[in-house]
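Examining the three-dimensional arrangement
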Amino acid sequence: MITHPRGVLAPTRRAFLLSTAVIALASTLPGISFGAEPKQGGTLTVNIGTEPPVLVLIAHTAGAAVYVSSKTNEGLLTYDFDFTPKPLLATEWKVAEDGLRYWFKLREGVKFHDGTDFTAEDVAFSIQTLKENHPRGRATFAQVSSINVLGAHEIELLLDKPSPYLLTALASSESPIVPKHLYEGTKIAENPHNVAPIGTGPFVFKEWVRGSYVLYERNPNYWDAPKPYLDKLVVRFIGDPAAAVASIETGEVLLSVGINIPYTDFDRLEANPALGFETRGFTYTNSITRAEFNFENKYLANAKVRQAIAYAIDRNFIVNTIYLGHAKALNGPVSPGLAAFFSDDLPKYEFDPAKAEALLDEAGFPRGDGGVRFELNIDPTQPTGAYKQSAEYIAQALNKVGIKTTVRTQDFATFVKRVYTDRDFDIALEGMSNLFDPTVGIQRLYWSKNFKPGVPFSNGAHYESAETDRLLEAAAVEPDPKKRFALFVDFQKQVVTDLPALDLVAPDSFVIFDKRVVNHTLGAEGFGYNGADIYLAS
Amino acid sequence: MSSLPRIARALRRTVLQAIPTVIGIVILNFFLLQLAPGDAADVMAGEAGSATEETMAAMRSRFGLNLPMLDQLLAYLNNLVHFSLGFSPRYSMQVSDLIGQRLPGTLTLMAMALAIALLIGLTLGSLMAAFAGRLPDRLISIFSLLFYSVPGFWIGLMLIVLFSVTLGWLPSGGNGTIGSDLSGWAGIVDKARYMVLPATSLALFYVAIYARLTRAAMLEVRNQDFVRTAYAKGLSPAVVTVKHILRNALIPITTMAGMHVGGMLGGAVVVETVYSWPGLGRLAFEAVMGRDYTVLLGILLLSSLLVILANAVVDILQTWLDPRIGEL
């Protein structure tokens, strides 16, 4: 049972924020005295690289929108770096021991940007809407059988089966709360407020000039006065890597997140004393790259061939030469960023080309004409950057052990159709998000019931294992964290043995910021939190 | 004025030819776009990464992608007949609004680039012709060849490195100071500051072309009989150069400039990307990547109209420049 009485928690939270601020200051701003008061005012210009299709994620999961949706529309909870929930729109909560009842006390005196009061009705409506319309919400809230409003600021969710990931799914960007009176009775996906959001957040949407920027202004009636500290927030979409770097160096952009900076530019940026780098705060996404094997290919259906490929590839080479050290080599499907479920106690495939050759001989594919055993294609998700370079390296490594491998590049839409609809691929080199929980982010890739041609980023390998299915299904409804962890460790051992995909690396993600920008990353959501605490130091 | 009826005739002919051309372009574009693998639902679901069969089906029916191809074409043509460019699934906006937001930016950038290219190109070309075979001609030739062969994105990036990062004189991207309420003269100066670098990057390639063209055309015209006549009747060399030689040399240049309007729309993609300029080129690029065909068809339709319009303007300009053109 988790209980957080408001009186106890509020000071703790403030103390926590203060200590984080002090740590941030101590590590990045040697010139500024400790305990500096947050400064009011100023405009923060942010580059998020990609223009999102919508500005609030009530019926969408577009990656780039994570950084903007949370600024206007808050969720019930926020999280520290360890995923411990902290109050946001919910001030107290209890989860029944059997995991079938969630009770929330909601914050009072909160108003939406249009002046209406925030009540339990809005929360009930939003959760119902997420359950029906949000691509991930359908699964997250699948077990929620009824949503009961118990009072103006009190609500309970009743579940059919435990959903142990539910309490980590209530972040602003994942499960935003929208005003019922503006959404009720409309087609949710086409509601005009998806592109002109109204929420309870610290920033009020002002204008969106497509292709250029979104402008937010300070919410003067924010419930957590005197926050927010910033007067204005400008979000830009400079996608071109060279232009993005230029915008950082000229100081036109004070914070960049989610952009593809060439790794070769890192040394120069790191040498710039005005800039800071933050790698924490991406644990709500946890990206990894993996090489997925198509089990419908007659060679790759053979477990020995897949193991041989694993032995032929040096993941440390990918880390050091392609990512220039800004990544971690992986042994299994869980990113080290998802600390609560990560295990290092897994079977390992150390780089050993001789062993790879032996396995391929054993599998019955000796070297033939020109030393070639058989031919494969490898398709990277994107036609440029680290994905393509990794694919090129893998092709070289496999050529050395006698598997003639060709890299095929295509744009994203063609890749998605080729792999998931046409199933015309051998090895797909993909980026995947582990998200905040393995049931939400990892199960879809390995569960045999999620082999669904036509659905992107499902079980593309066509991997089927009764044991893996059993472990995933048991973990999905196991309320006890220890037992759940044990199930996921068994699952990881199973898939590392079966190798439907070879997990390669977990690339580091970065917030690159001007050191005057304080409090941009305070927890697991990173810059995807509501941003109320951000201020510009002088 | 005696040239008016000729101009009216040229206009009428252009309009009559434009209608079937546009209809042909729309239908051709539609089928061409169907050849690209994947659709908007694939991309959106791929970006989201958590799709299910139901969400995919719901998206396709919402976008009308589940209809047979011919029905989709008819639906689109029906929209066009009602003066609607359709609704973009990706941007959740009317395509006409989406394009309307971007069009002014692209047009001003193009106009500015074309103006710079013509002005500098004509000047340099005239200089080259005047000094044909001598040192200034050779020097300008080298520079124009350089501008012609260096890719636009590289010039763009180098200009950013020099003028924004190193010198800090001009902004590195965007099309105006965000959130500023500048109006009047200050507003124009602000916009101009943002436009200098992208317009120059876009123009340099064309400067080279126009300079070479002007040089060749002027050298050719210079040897004509009427030029000798003009000199013979005692006109000053400057008047002869501007009124007789340059005016006649303008015919091939205006023809090329008209064709370049279409080319600039394409070349603008690169410059718009480098300078984060919110223009049509980038919108078109994003629409291709997102397989948002309604947007792309709208842009292609508009671009074809723009090219037709530019050609009409060139026709009229040439009828004015050369009284022999357009006479029956």
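As the structure is a prediction and not an experimental result, all values here were calculated from the model.

**Let's talk about the overall build of chain A**
- Assigned secondary structure in chain A consists of 16 helices and 21 strands.
- Taken over C-alpha atoms, the radius of gyration comes to 24 Å for chain A, in line with the 24 Å a tight globule of 538 residues would show.
- Considering only C-alpha atoms, chain A reaches an extent of 75 × 55 × 40 Å along its principal axes.
- At a minimum sequence separation of 6, the contacts of chain A that also span at least 24 residues come to 70%.
- Taken as two groups, the 52 positive and 64 negative side-chain charges of chain A have centres that lie 1 Å from each other.

**With respect to the pattern of salt bridges**
- Within the structure shown, the criterion is met by 39 salt bridges over all chains.
- Note that R418(A) is salt-bridged to D424(A), the shortest N-O span being 2.9 Å.
- Its salt-bridge partner being D42(B), residue R60(B) comes within 3.2 Å of it at the nearest N-O pair. Here R60(B) is found in helix α3 (residues 53–63), whereas its partner D42(B) is found in helix α2 (residues 40–48), with 18 residues between them in sequence.
- Looking at R60(B), the relative accessible area reads 22%, which means it is partly exposed.
- Salt bridges linked by common partners bring R290(A), E292(A), E430(A) and D503(A) together as one network.

**Considering the packing of helix α11 (residues 280–289) of chain B against helix α12 (residues 293–321) of chain B**
Residues and elements named next belong to chain B.
- Running from amino to carboxyl end, α11 crosses α12 at an angle of 145 degrees, the nearest separation of the two axes being 9 Å. Considering how the two elements wind past one another, α11 and α12 form a crossing that is left-handed. Between α11 and α12, the contacting residues are L280, L283, A284, A287 and V288 on the first element and V295, L296, I299 and L302 on the second.
- Here the contact of α11 with α12 is built from residues that sort into nine nonpolar, no polar and no charged.

**Comments concerning the sheet that holds strand β13 (residues 287–293) of chain A**
All names here are of chain A.
- Reading across the sheet, the six strands line up as β14-β18-β13-β17-β15-β16 and stay open at both edges, with mixed pairing between neighbours. Looking along the sheet, the strands with just one partner apiece sit at the ends: β14 (327–329) and β16 (403–407). Across the sheet, the mean angle from the axis of one strand to that of its neighbour is 30 degrees, orientation sign disregarded.
- As judged from the seven bridges shared by β13 and strand β17 (residues 427–433), these two strands associate in the antiparallel manner.

**Here's the deal with the interface of chain A and chain B**
- Taken residue by residue, the interface counts 44 residues in chain A and 44 residues in chain B.
- Across the chain A/chain B interface, buried area totals approximately 3,600 Å², and carbon plus sulfur atoms make up 58% of it.
- Along the contact surface separating chain A from chain B lie three salt bridges.
- In this structure, E53(B) and K452(A) form a salt bridge, with 3.8 Å as the shortest nitrogen-oxygen distance.
- Across the chain A-chain B interface, the total number found is six residue pairs in polar contact (both at pLDDT 80 or more).
- Elements with a minimum of two residues in the side of chain A that touches chain B: β9 (213–218), β10 (232–236), α6 (241–249) and α12 (412–422) of chain A.
- Sorting elements by how many residues they give to the side of chain A that touches chain B places α12(A) first, with six residues.

**A closer look at helix α7 (residues 152–166) of chain B**
Residues and elements named next belong to chain B.
- Its 15 residues give α7 an end-to-end C-alpha distance of 20 Å, which sits within 8% of 21 Å, the value for a rise of 1.5 Å per residue.
- Along α7, the residues classified as buried are I155, G156, L157, L159, I160 and S164.
- With its phi angle positive at about 70 degrees, G168 sits one or two positions after the end of α7.

Criteria and cut-off values
Residues numbered from 1 in each chain as written. Chains lettered and ligands numbered in written order. Predicted model: local features only at pLDDT ≥ 70, side-chain atom pairs only at ≥ 80, totals over all residues. Heavy atoms only, no water. Helix = DSSP H or I, 4+ residues; strand = E, 2+ residues; numbered from the N terminus. Rg over C-alpha atoms; globule rule 2.2 N^0.38 Å. Contact = heavy atoms within 4.5 Å. Lys, Arg positive; Asp, Glu negative; His and termini not counted. Charge placed at Lys NZ, Arg CZ, Asp CG, Glu CD. Salt bridge = Lys/Arg side-chain N within 4 Å of Asp/Glu carboxyl O. Buried < 20%, exposed > 50% of the residue type's maximum accessible area, 1.4 Å probe, protein only. Axes fitted to C-alpha atoms, helices over the stretch in contact; angles between N-to-C directions. Left-handed = near helix turned anticlockwise from the far one by under 90°. Nonpolar A, V, L, I, M, F, W, Y, C, P; charged D, E, K, R; others polar. Pairing = 2+ DSSP bridges. Buried area = accessible area lost by both parts, 1.4 Å probe. Polar contact = N/O pair within 3.5 Å; in protein donor to acceptor, adjacent residues only side chain to side chain. Expected span 1.5 Å × (residues − 1).

What is shown is where atoms sit, not what they do.
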